Amino acid sequence: ELVFAAAEELYHRSTADFLDVLARLAEPHGLLLDGNSELTLNLIREVDAYVRFRRASLVVDAVLRYPVDVYGTGWEHIDWSGGSAAYKGPADWNRMTTLLPGYLGCLSTNPLIDESVHDRSFFALAANVVPVADSNAFSRQHMAGLERYAFRFEPQSIRAAVEALLAGPEQAL
């Protein structure tokens, strides 16, 4: 009950909010959570996993109509028929580093942080590929030129970021 209630509230918020939200939701149940308990850390881990899965699924569902290749595992729940996106299956790190430079953009989600971005964004930049990812405090401050290709976790925002990339690849690069 706590995980699902917290996940709904934290879906659009950062990791920094996890402890406060969980503690507030647990208190009426007689649980006094702090950042040092094993229970709290387990709850945070479960909320984190659930929110990441929901966010990733939202992003892929939003871009199914575009020419996007999706790599990885855990995409069996997506209906790949009828769209332009293609599921390419799992790829290890070495394969991804050789594939990445052949793409215009690298779609990613940040791991519920505000003080950095996912490694994929940095590796995309190093490969001269445009990172298309959710915006956070770090990206807005240090990667402001990429905000046109950043999104909020709403289908229309995700699509707008992809469309901006596809509409002007030379400018994006």
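Further up the page is the structure itself.
Residues numbered from 1 in each chain as written. Predicted model: local features only at pLDDT ≥ 70, side-chain atom pairs only at ≥ 80, totals over all residues. Heavy atoms only, no water.

A. A look at the nonpolar core. Among the nonpolar cores identified, the biggest contains 44 residues, and Ala6, Val47, Val132, Tyr149, Phe151 and Ile158 are the most heavily contacted of them. At the level of elements, helix H1 (2-10), helix H2 (18-26), helix H3 (38-63), strand S4 (130-134) and helix H7 (155-167) are the ones that each hand at least two residues to this core. A per-element tally of this core places H3 first, with nine residues. (Core = buried A, V, L, I, M, F, W, Y, C linked by side-chain atoms within 4.5 Å. Buried < 20%, exposed > 50% of the residue type's maximum accessible area, 1.4 Å probe, protein only. Helix = DSSP H or I, 4+ residues; strand = E, 2+ residues; numbered from the N terminus.)

B. Region of the structure containing the packing of H1 against H3. One way to put it is that H1 packs onto H3 with a least axis distance of 9 Å and a crossing angle of 50 degrees. Accordingly, the angle class assigned to the pair H1 and H3 is oblique. Relative to H3, the crossing made by H1 is right-handed. Taking contact as the criterion, the partners of Leu2, Val3, Phe4, Ala6, Ala7, Glu8 and Leu10 in H1 are, on H3, Leu43, Glu46, Val47, Tyr50, Val51, Arg54 and Arg55. Here the residues of the contact of H1 with H3 sort into ten nonpolar, no polar and four charged. (Axes fitted to C-alpha atoms, helices over the stretch in contact; angles between N-to-C directions. Parallel < 35°, antiparallel > 145°, perpendicular 65-115°, else oblique. Left-handed = near helix turned anticlockwise from the far one by under 90°. Contact = heavy atoms within 4.5 Å. Nonpolar A, V, L, I, M, F, W, Y, C, P; charged D, E, K, R; others polar.)

C. Expanded view of the environment of serine 157. You can see serine 157 is positioned in helix H7. The class of serine 157 is buried, set by a relative accessible area of 8%. Taking the C-alpha atoms as reference points, serine 157 and aspartate 134, 23 residues apart in sequence, are found 9.4 Å from one another. In contact with serine 157, other than residues within four places in its own chain, are Phe151 and Arg152.

D. Spotlight on the pattern of salt bridges. Per the counting criterion, the structure on display carries four salt bridges. Residue arginine 52 pairs with aspartate 48 through a salt bridge whose shortest N-O separation is 3.0 Å. In this pair, arginine 52 and aspartate 48 are both assigned in helix H3, four residues apart and thus about one turn of the helix distant. For arginine 52, a relative accessible area of 38% gives the class partly exposed. (Salt bridge = Lys/Arg side-chain N within 4 Å of Asp/Glu carboxyl O.)

E. Layout of the packing of aromatic side chains. Applying the stated criterion across every chain, the model contains seven aromatic pairs. Taking 6.4 Å as the distance between ring centres and 55 degrees as the angle between the ring planes, the aromatic pair formed by tyrosine 11 and phenylalanine 153 counts as tilted. Note that tyrosine 11 is positioned in the loop between H1 and H2 and phenylalanine 153 in the loop between strand S5 (150-151) and H7, a separation of 142 residues in sequence. Of the two residues, tyrosine 11 and phenylalanine 153, neither departs from the other in class, the shared state being buried. Arranged with centres 5.6 Å apart and planes meeting at 20 degrees, the rings of tryptophan 80 and tyrosine 87 form a pair that is stacked. Linked through ring pairs, Tyr11, Phe151 and Phe153 together constitute an aromatic cluster. Over the aromatic face of tyrosine 11 sits the side chain of arginine 54, whose NZ or CZ is 4.2 Å from the ring centroid. (Phe/Tyr/Trp six-rings, centres within 6.5 Å; stacked < 30°, edge-to-face > 60°. Lys NZ or Arg CZ within 6 Å of the ring centre and 35° of its normal.)

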